Amino acid sequence: MVVLVSGRGTNLQAVIDHCKNSPIAEIVEVISDKPDAKGLDRAMRAGIKTTKLPHPSDKTTRNAELLKRLEELNPDLIVLAGYMRIVPKEIVDRFYGKMINIHPSLLPSFPGLEAQQQALDYGVKVTGCTVHFVDPEVDSGPVILQHSVPVENQETLKNLSDRILGYEHQILTRAVDLFCNDKLRIVGRKVEILEK
Ligand code: GRF
């Protein structure tokens, strides 16, 4: 498995910790578009190879480098764990069914950036998180797992984001586990889980 990160990397850390106890899930490389991403430090501490994508402001070159590296590694699974760039269609198509993403809302509600703030602004009573296969649209691919989180009265953004994050770590590692054990089947827009 290859993990892509842009930031602090708590979801990456959850997967690293999970892999320590798993006989079949292994992170071979962590790739980041941000050279100072905290996630890269977490990977290095765990002894995992890291790659920094060059040319942060040049999307075409950056995506060409990403595709080249992914084709070299040819991983069974690619995990977007807080990777804050849109993955271009060319890469999504090349790895469709092998690329998953974690998002802090109950999709299809509140795709895109600042999903927790979007939920607060809308006034929903329940939000949560989603892990899904990546398709060429933003935050729109077949849903693997979701977890709901109630929005409390007087909820703050930090409090809500922190509570959602705890469940992100749980459903992401569960999805990795299901994928690595060949328990997921994409059937059109739906994902069948062959064993709970
Ligand atoms: C998470 O909320 C994830 O759902 C979103 O970006 C955030 C990344 O957090 N895509 P971290 O870097 O894993 O701590």
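Report on the accompanying structure. (Residues numbered from 1 in each chain as written. Predicted model: local features only at pLDDT ≥ 70, side-chain atom pairs only at ≥ 80, totals over all residues. Heavy atoms only, no water.)

**Notes on the overall build of the protein**
A tally of helices and strands in the protein yields 6 helices and 9 strands. Its C-alpha atoms give the protein a radius of gyration of 16 Å, near enough to 16 Å, the size a compact globule of 196 residues would have. Projected onto its principal axes, the C-alpha coordinates of the protein cover approximately 50 × 40 × 30 Å. Per-residue burial for the protein yields a buried fraction of 46% across its 196 residues. The contacts in the protein between residues at least 6 apart in sequence include a share of 59% that link residues at least 24 apart. Positive and negative side-chain charges of the protein, numbering 25 and 26 respectively, have mean locations separated by a distance of 2 Å. (Helix = DSSP H or I, 4+ residues; strand = E, 2+ residues; numbered from the N terminus. Rg over C-alpha atoms; globule rule 2.2 N^0.38 Å. Buried < 20%, exposed > 50% of the residue type's maximum accessible area, 1.4 Å probe, protein only. Contact = heavy atoms within 4.5 Å. Lys, Arg positive; Asp, Glu negative; His and termini not counted. Charge placed at Lys NZ, Arg CZ, Asp CG, Glu CD.)

**Considering unusual backbone geometry**
The omega angle of the peptide bond from Leu107 to Pro108 is 15°, so this bond is cis rather than trans. Looking at where Pro108 falls in the secondary structure, it is placed in the loop between strand E5 (99-103) and helix H5 (115-122). Phi is positive for Phe110, close to 55°, though the residue is something other than glycine. Structurally, the position occupied by Phe110 is in the loop between E5 and H5. Although it is not a glycine, Glu114 sits at a positive phi angle of roughly 50°. Within the secondary structure, Glu114 is located in the loop between E5 and H5.

**Quick look at the packing of aromatic side chains**
For the structure shown, the criterion picks out 2 aromatic pairs. Its end group placed over the ring of Phe95, Arg94 keeps NZ or CZ at 4.4 Å from the ring centre. (Phe/Tyr/Trp six-rings, centres within 6.5 Å; stacked < 30°, edge-to-face > 60°. Lys NZ or Arg CZ within 6 Å of the ring centre and 35° of its normal.)

**Things to note about helix H3 (residues 59-73)**
Compared with the 21 Å implied by 1.5 Å per residue over 15 residues, the 21 Å span of H3 between its first and last C-alpha is a close match. Those residues of H3 lying buried are Arg62, Asn63, Leu66, Leu67, Arg69 and Leu70. Down the axis of H3, the buried side of the element spans an arc of 165°, and every buried residue falls inside it. In this fold, the buried residues of H3 make contact with strand E1 (2-5), strand E2 (29-32), strand E3 (49-52), strand E4 (78-80) and helix H4 (89-94). Two or three places before Thr60, at the start of H3, stands the capping residue Asp58, its side-chain oxygen 3.3 Å from that residue's backbone nitrogen. Just beyond H3, the residue with positive phi is Asn74, at close to 45°. (Expected span 1.5 Å × (residues − 1). Arc of directions from axis to C-beta. Polar contact = N/O pair within 3.5 Å; in protein donor to acceptor, adjacent residues only side chain to side chain.)

**Details of the site of the ligand**
Taken together, Arg8, Gly9, Thr10, Asn11, Gly82, Ile102, His103, Pro104 and Glu168 make up the full set of residues near the ligand. Between the ligand and the protein, one listed contact pairs a nitrogen atom with a backbone N or O atom of Ile102 at 3.2 Å. Relative to its unbound accessible surface of 370 Å², the ligand loses 88% to contact with the protein. The cavity that encloses the ligand is the largest pocket. The residue makeup of the shell around the ligand, split by class, is 2 nonpolar, 5 polar and 2 charged. (Near = heavy atom within 4 Å. Areas by Shrake-Rupley, 256 points an atom, 1.4 Å probe, with all protein chains shown as cover. 1 Å grid on protein atoms, 1.4 Å probe; cavity = no way out; pocket = protein on both sides within 12 Å on 5 of 7 lines; lining within 4 Å. Sits in = over half its atoms within 2 Å of the grid points. Nonpolar A, V, L, I, M, F, W, Y, C, P; charged D, E, K, R; others polar.)

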